[in-house]
Each structure stands twice: as structure tokens, then as C-alpha cells.
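Below, each chain spelled out in residue letters.
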Amino acid sequence: DTAVSQTPKYLVTQMGNDKSIKCEQNLGHDTMYWYKQDSKKFLKIMFSYNNKELIINETVPNRFSPKSPDKAHLNLHINSLELGDSAVYFCASSQLPGAVLYNSPLHFGNGTRLTVT
Amino acid sequence: RKEVEQDPGPFNVPEGATVAFNCTYSNSASQSFFWYRQDCRKEPKLLMSVYSSGNEDGRFTAQLNRASQYISLLIRDSKLSDSATYLCVVNGAGSQGNLIFGKGTKLSVKP
């Protein structure tokens, strides 16, 4: 199946731990993203990579570090997890940066529900 | 003013009703506009793009008013399966034009 897939689907961990979320897309897209959806359902961009290069880095604590080994993968590593990091993290991809063209919509993964206790 | 504002709802309507959602955006330089749909505990999915002249896709009609920085979505003949949260999406400032999502309007269609 062509898709954006991310693992794990659920992640429960304690404060202070380090965790990673993996994302892969087989759509042949050049651009990948990480979005965070908090408890108020507000979906905010965190990072965007185009062909393995960082192009968007919103105001995110430097405990969050994205890694793109190739244009089909964008992983998210989080150090020293805090309670406020609890959210659903969505990986997404698009053919072009910013998905500004109408024929380049965002394709989202299923999300990773992170709970920090 | 928030970058993208929507009425959070919920809108509770009977099957067959017509329902309209509104959205305003703050960046007058925005060029790209979309409606996404998000089902409960699922990922957002593109519903339709919004073109300057307005556009229709089956029971869904999207309108854009650049002067008022206002976008709308009209759903005719609502189905139970239309129940979801509808997200207004606009490209933000900057050359990369990252997409800014509204908080969404929740629609519940009842039998």
C-alpha cells in the first residue's frame, strides 16, 4: 500500500526518558513534516524537510531533533520528555514544499499518541 | 487575531440538512486554501482545495473571499458519514509557505 506510515502508534513513557518516533513514506514525495496535535486539537507544524534538508523549524524546544536519513524517512527523537509533550504527533508528506500548489496536498500518517507520565 | 479562526461548533444537524462552516485568516498574502477533514482519533485528510472563483465537489461547495479574508464550506444533503471535524487550512508567511491549520469545526449528523 502506498502511504505514510509511522511507528509506534501508541507510546507511554515517563518524564525524563528519551524516545523516538519513526516515519516512512513510499509516495515518492520530496517533502516531509512533523505536526503536533495537542489536547485542544490544535494542529501545529514542528519541522519540514525537503530532500533531506531542514526547511521549516518552528519554535520547538531543542529537545526535539528530527533526522532525515533519506527523503523517504523523517524520524523524530525527543530527549528528556516532559508532561507537556503529551500529544498526538503526525508525520506527513507532500510532493512539494509547503504544499502550496493545489495538486500537492499533505498526506498524513496515522499519528503517534504520546503519553508522558 | 489568530492566523486561522473557525467556529469550533459542535454543529448538530439532522440527515439531509445543509450546513455551512466559516473560516477567517489573518495573512493577506496567503495564496493557498484548503479544507481538510479529520475523523475522531484519525489523521486529517484533504477534503478539497478552495479556488478563487469558488468550487464544488459533489455535495461540497467551497468559497473564498480574499477581500474579507474569509473561506466557507457548504455541505448539502448531509449524511451520517459526514460527521467529523472540518479543518480550515491556509498557507502561512515565508517562502516555504507552511500550512496553518484552524482548530476545526465539529459536525455531528444525526439520523
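Residues numbered from 1 in each chain as written. Chains lettered and ligands numbered in written order. Predicted model: local features only at pLDDT ≥ 70, side-chain atom pairs only at ≥ 80, totals over all residues. Heavy atoms only, no water.

## A look at the overall build of chain B
Our working definition: Secondary structure follows DSSP: runs of H or I at least 4 residues long count as helices, runs of E at least 2 residues long count as strands, and numbering of each begins at the N terminus. Both definitions apply: the radius of gyration is a C-alpha atom measure, and the globule rule equals 2.2 Å times residues to the power 0.38. Residue contacts are defined here by distance: any two heavy atoms, one from each residue, within 4.5 Å place the two residues in contact. To be clear on the numbers: accessible area is Shrake-Rupley with a 1.4 Å probe, and residue cover counts the displayed protein chains and nothing else. Within this scheme the basic residues Lys and Arg register as positive and the acidic residues Asp and Glu register as negative, but His and the chain ends are omitted. To locate a charge, take NZ of a lysine, CZ of an arginine, CG of an aspartate or CD of a glutamate.
What chain B contains, in helices and strands, is 0 helices and 11 strands. Whereas a compact globule of 111 residues would reach a radius of gyration of roughly 13 Å, chain B reaches 14 Å, a difference of no more than 12%. Restricting the contact set of chain B to residue pairs at least 6 apart, pairs at least 24 apart contribute 56%. Per element, the accessible surface of chain B, about 5300 Å² overall, is 48% carbon and sulfur. Charge separation in chain B, taken as the distance between the mean sites of 13 positive and 10 negative side-chain charges, equals 4 Å.

## What to know about the overall build of chain A
Stated precisely, the cut-off is as follows: Only protein chains enter the accessibility calculation, which uses a 1.4 Å probe. A residue is then buried if its area is under 20% of the maximum for its type, exposed if over 50%, and partly exposed in between.
A count of helical and extended segments in chain A gives 0 helices and 11 strands. Going from the N terminus to the C terminus, chain A shows its helices and strands as β-β-β-β-β-β-β-β-β-β-β. Rg of the C-alpha trace for chain A: 13 Å, near the compact-globule value of 13 Å for 117 residues, within the 12% margin. When the backbone C-alpha atoms are referred to their principal axes, chain A occupies close to 40 × 30 × 30 Å. The buried share of chain A, taken over its 117 residues, is 45%. Considering only contacts in chain A between residues 6 or more positions apart, those separated by 24 or more positions represent 56%. Split by element, the accessible area of chain A, about 5800 Å² in all, is 49% carbon and sulfur. Of the side chains in chain A, 12 bear a positive and 10 a negative charge, and the two mean positions are spaced by 6 Å.

## Section: the interface of chain B and chain A
Keep this limit in mind: Buried area is understood as the total, over both parts, of accessible area removed when two parts are fitted together, assessed with a 1.4 Å probe. By definition here, a salt bridge exists when the distance from a side-chain nitrogen of Lys or Arg to a carboxyl oxygen of Asp or Glu is within 4 Å. As a working rule, the residues Ala, Val, Leu, Ile, Met, Phe, Trp, Tyr, Cys and Pro are called nonpolar, Asp, Glu, Lys and Arg charged, and the rest polar, with Gly in that last group.
Between chain B and chain A, the residue contacts involve 22 residues of the former and 24 residues of the latter. Carbon and sulfur atoms make up 56% of the area that chain B and chain A hide from each other, which totals about 1900 Å². Along the contact surface separating chain B from chain A lie 0 salt bridges. Taken together, the elements giving at least two residues each to the side of chain B that touches chain A come down to β4 (33-38), β5 (44-49) and β10 (99-101) of chain B. Top contributing element to the side of chain B that touches chain A by residue count: β4 of chain B, with 4 residues. Its residues assigned to classes, the side of chain B that touches chain A shows 9 nonpolar, 9 polar and 4 charged.

## Details of the state of the cysteines
Residues and elements named next belong to chain B. Put simply, the rule is: Cysteine sulfurs are considered disulfide-paired once they come within 2.5 Å of each other.
Throughout the structure, instances matching the rule amount to 2 disulfides over all chains. Covalently, cysteine 23 is tied to cysteine 88 through a disulfide, its sulfur atoms 2.0 Å apart. Between cysteine 23 and cysteine 88 the sulfur-sulfur dihedral comes to about -80°; the bridge is accordingly left-handed. With cysteine 23 in strand β3 (residues 19-25) and cysteine 88 in strand β9 (residues 84-91), the pair connects residues that are 65 residues apart, well separated along the chain. For the residue pair cysteine 23 and cysteine 88, the accessibility class agrees, reading buried in each case.

## With respect to the sheet that holds β3 of chain B
All names here are of chain B. So the rule is basically this: By definition, two strands form a pair when at least two bridges between them are found by DSSP. The axes are straight lines fitted to the C-alpha atoms, using for helices just the contacting stretch, and the angles between their N-to-C directions are given from 0 to 180°.
The antiparallel open sheet is built from 5 strands, whose spatial order is β1-β3-β8-β7-β6. On the outer flanks of this sheet lie β1 (4-6) and β6 (55-57), each paired with one strand and no other. Across the sheet, the axes of successive neighbouring strands diverge by a mean angle of 20°, strand direction being ignored. Where β1 and β3 come together, 3 bridges link them in antiparallel fashion. The residue of β3 that forms the bridge with valine 4 is tyrosine 25.

## Focus: the sheet that holds strand β7 (residues 64-70) of chain A
All names here are of chain A. Across the sheet, which stays open at both edges, the 4 strands sit in the order β1-β3-β8-β7 with antiparallel pairing between neighbours. Every other strand in the sheet has two partners, leaving β1 (4-7) and β7 as the edge strands with one partner each. Averaged over all pairs of adjacent strands, the angle between their axes in this sheet comes to 20°, without regard to strand direction. Judged from the 4 bridges that link them, β1 and strand β3 (residues 19-25) form a sheet pairing that is antiparallel. Of the residues in β3, the one forming a bridge with serine 5 is glutamate 24.

Fair warning: the whole summary comes from geometry, so function is off the table for now.
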